[in-house]
Amino acid sequence: MSRPRHVLPGFRLSLGFTVTYLSLLVLFPLSMLAWKAASGGWEHFIETLTHERVLASLKLSFSTAFVAALVNGVFGLLTAWALERYAFPGRRLLDAMVDLPFALPTAVAGIALVTLYAPNGWIGSFLAQHDIKAAYAPLGITIALTFVGFPFVVRTLQPVIADLSMDVEEAAACLGANRWQTLTRVVFPALLPSTLAGMTLAFGRAVGEYGSVVFISGNLPFKTEIAPLLITMRLEEYDYAGAATIGVVMLAASFGILLVSNFLTNWSRSRTGR
């Protein structure tokens, strides 16, 4: 039996280039990270991970990223729905503004957020009147992580909402369902997998964020010190094995987040038929 011929031959050659390219850019550097973390020995590895300062920074990074993902899930869904279902003046401008966190350098975003949310800033001074501290506090970190993760939810949901037929909503209305029932039993179940996938991507992006957070956090140990900043400090102290150890934890978390995201994406495709 003859092998099936493709329109564009060269599978082995293209696969070889793909594997080589990914190995040089992804596999080898990450393998060296794990090797460097193990170079200090298991005692140093365990000592670094169980250090109170490391645990506090990891807890802060993951907790604020999780809260930011929840906020983006709610407002990202509303934004994507408004941009796809309604026509209004300035719609294209708002749609373009969603991608600003992608294009804007994170350090610039951090400076802008500090200017707004510092105690003498426009928003920060208003919050200070109500004894709410945004800058140099976990709240400010959450705001920065919400900013960088917002586009992931919107861009994940927009094509799903665009392909969501209005015939189903009209059928539900004809069967006697009110607007709330149509939303909770027809629309939201169809959007739930994509919403969770976008939230997972936003969470993964927020966990490793550094540039926009380092300015607004204040970098106070045990209070507002994030894990990426602690990695930088360990490098400045020439503790390369310790920095690599924290990096391995972040790498394992990122890999787990990607697995969850892929699972949710496949779930979304199976639900929507796309």
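Enquirer: Before we move on, could you go through helix H8 (residues 138–163) and cite the residues and values that matter?
Expert: Between its terminal C-alpha atoms H8 stretches 38 Å, which fits the 38 Å expected from 26 residues at 1.5 Å a residue. Considering bend angle alone, the principal kink of H8 is centred on Gly149 and spans about 40 degrees; proline Pro151 follows within four residues of it.

Enquirer: Help me get a handle on the nonpolar core, residues and values and all.
Expert: Membership of the largest hydrophobic core comes to 32 residues, with the highest contact counts inside it found for Tyr117, Leu145 and Ile216. Looking at this core, the elements with two or more residues in it are helix H3 (52–85), helix H6 (106–117), H8, helix H10 (179–207), helix H11 (211–217), helix H12 (227–236) and helix H13 (240–272). Considering every element that reaches this core, the biggest residue donor is H3, with six residues. Formed by 16 residues, the second largest nonpolar core is a distinct cluster that contains Ala80, Leu157, Ile161 and Leu191.

Enquirer: I'd like to hear about the pattern of salt bridges, residue by residue, with values.
Expert: Close approach of charged atoms lets side chains of opposite charge pair. This structure, assessed with the given rule, holds five salt bridges. Note that Arg53 is salt-bridged to Glu225, the shortest N-O span being 2.7 Å. With a gap of 172 residues between them, Arg53 in helix H3 and Glu225 in the loop between H11 and H12 connect regions that are remote in the sequence. A salt bridge links Asp99 to Arg155; its shortest N-O distance comes to 2.9 Å. With Asp99 in the loop between helix H4 (91–97) and helix H5 (100–103) and Arg155 in helix H8, the pair connects residues that are 56 residues apart, well separated along the chain. Here Asp99 falls in the partly exposed class, since its relative accessible area comes to 29%. Each of the salt bridges in this network shares a partner with another, and the network as a whole consists of Asp95, Asp99 and Arg155.

Enquirer: Before we move on, can you summarise the packing of H3 against H10 with the specific residues and values?
Expert: At a minimum axis distance of 8 Å, the contact between H3 and H10 shows a crossing angle of 140 degrees. As summarised for this structure, H3 and H10 are arranged oblique, according to the angle between their axes. In the packing of H3 onto H10, the handedness of the crossing is right-handed. Residues Ser61, Phe62, Ala65, Phe66, Ala69, Leu70, Asn72, Gly73, Leu77 and Trp81 of H3 lie in contact with H10, whose contacting residues are Val187, Phe188, Leu191, Thr195, Met199, Ala202, Phe203, Ala206 and Val207. Split into classes, the residues belonging to the contact of H3 with H10 amount to 15 nonpolar, four polar and no charged.

Enquirer: Hey, could you go over a nonpolar patch on the surface for me, with residue numbers and the actual values?
Expert: Judged by side-chain polarity, Tyr21, Leu22, Leu24, Leu25, Val26, Leu27, Phe28 and Leu30 come together as a nonpolar surface patch covering roughly 790 Å² of accessible area. Mapping Leu30 onto the fold places it in helix H1 (residues 11–38). Look at Leu30 and you get partly exposed, because its relative accessible area is 34%.

Enquirer: Account for the side chain of Ser61, naming residues and giving values.
Expert: As for its position among the elements, Ser61 is in helix H3. Ignoring any residue separated from it by four or fewer positions in sequence, one finds Ser61 in contact with Val207, Ile226, Ala227 and Pro228.

Enquirer: An account of the environment of Phe215 is requested, with residue identities and associated values reported.
Expert: Position of Phe215 relative to the elements: it lies in helix H11. Overall, Phe215 belongs to the partly exposed group, its relative accessible area being 37%. C-alpha of Phe215 to C-alpha of Gly110: the two residues are 105 residues apart in sequence and 5.6 Å apart in space. Apart from residues lying up to four places away in sequence, Phe215 is in contact with Ala107, Gly110, Ile111, Val114 and Tyr136.

Quick notes on the rules
- Residues numbered from 1 in each chain as written.
- Predicted model: local features only at pLDDT ≥ 70, side-chain atom pairs only at ≥ 80, totals over all residues.
- Heavy atoms only, no water.
- Helix = DSSP H or I, 4+ residues; strand = E, 2+ residues; numbered from the N terminus.
- Expected span 1.5 Å × (residues − 1).
- Bend = angle between axes of the 7 residues up to and from the residue.
- Core = buried A, V, L, I, M, F, W, Y, C linked by side-chain atoms within 4.5 Å.
- Buried < 20%, exposed > 50% of the residue type's maximum accessible area, 1.4 Å probe, protein only.
- Salt bridge = Lys/Arg side-chain N within 4 Å of Asp/Glu carboxyl O.
- Axes fitted to C-alpha atoms, helices over the stretch in contact; angles between N-to-C directions.
- Parallel < 35°, antiparallel > 145°, perpendicular 65-115°, else oblique.
- Left-handed = near helix turned anticlockwise from the far one by under 90°.
- Contact = heavy atoms within 4.5 Å.
- Nonpolar A, V, L, I, M, F, W, Y, C, P; charged D, E, K, R; others polar.
- Patch = residues over 30% accessible without salt bridge, like charges linked within 9 Å, V, L, I, M, F, W, Y side chains within 5 Å.
- Areas by Shrake-Rupley, 256 points an atom, 1.4 Å probe, with all protein chains shown as cover.

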